[in-house]
Amino acid sequence: MAIKLSPAGRRLATVMVSAPFVVATSWILYKRLVLGEEPRKADGRLFKPSGVRERDELEKQKLNLEGKGL
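A brief structural summary. Not measured: the values here are computed from a predicted model.

### Brief notes about the overall build of the protein
Consideration 1: Along the backbone of the protein there are two helices and zero strands.
Consideration 2: Relative to the 2.2 N^0.38 estimate, which gives 11 Å for 70 residues, the radius of gyration of the protein is 23 Å and therefore markedly larger than a compact globule would have.
Consideration 3: When its C-alpha atoms are laid out on the principal axes, the protein stretches across 70 × 45 × 20 Å.
Consideration 4: Here the protein holds 70 residues, and the buried ones make up 1% of them.
Consideration 5: A distance of 11 Å separates the average location of the 14 positive side-chain charges in the protein from that of its 8 negative side-chain charges.

As structure tokens, then:
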């Protein structure tokens, strides 16, 4: 159920949707060009945030302890 917007409303909606993309892209380009950060490279491995990695390691340790009968 689409709402009909006035031309000003459409412009505002366009700005609200596109602004986060412009800010994020500008920040990444700034870090690369001004600060000299290297671009990310895809090496085929999955990225896991540190909290997920730690949780997985704890689960493995629990399973190892249960398997040993401790």
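### Points about the pattern of salt bridges
Consideration 1: Applying the stated criterion across every chain yields a total of three salt bridges.
Consideration 2: The closest approach of N and O atoms between Glu-37 and Lys-31, which form a salt bridge, is 3.9 Å.
Consideration 3: Between Asp-56 and Arg-55 there is a salt bridge whose closest N-O contact spans 3.3 Å.
Consideration 4: By relative accessible area, which is 18% here, Asp-56 ends up buried.
Consideration 5: Overall, Arg-55 belongs to the partly exposed group, its relative accessible area being 45%.
Consideration 6: A single network of salt bridges, built from pairs that share partners, joins Arg-55, Asp-56 and Glu-59.

Reading the values: the criteria
Residues numbered from 1 in each chain as written. Predicted model: local features only at pLDDT ≥ 70, side-chain atom pairs only at ≥ 80, totals over all residues. Heavy atoms only, no water. Helix = DSSP H or I, 4+ residues; strand = E, 2+ residues; numbered from the N terminus. Rg over C-alpha atoms; globule rule 2.2 N^0.38 Å. Buried < 20%, exposed > 50% of the residue type's maximum accessible area, 1.4 Å probe, protein only. Lys, Arg positive; Asp, Glu negative; His and termini not counted. Charge placed at Lys NZ, Arg CZ, Asp CG, Glu CD. Salt bridge = Lys/Arg side-chain N within 4 Å of Asp/Glu carboxyl O.

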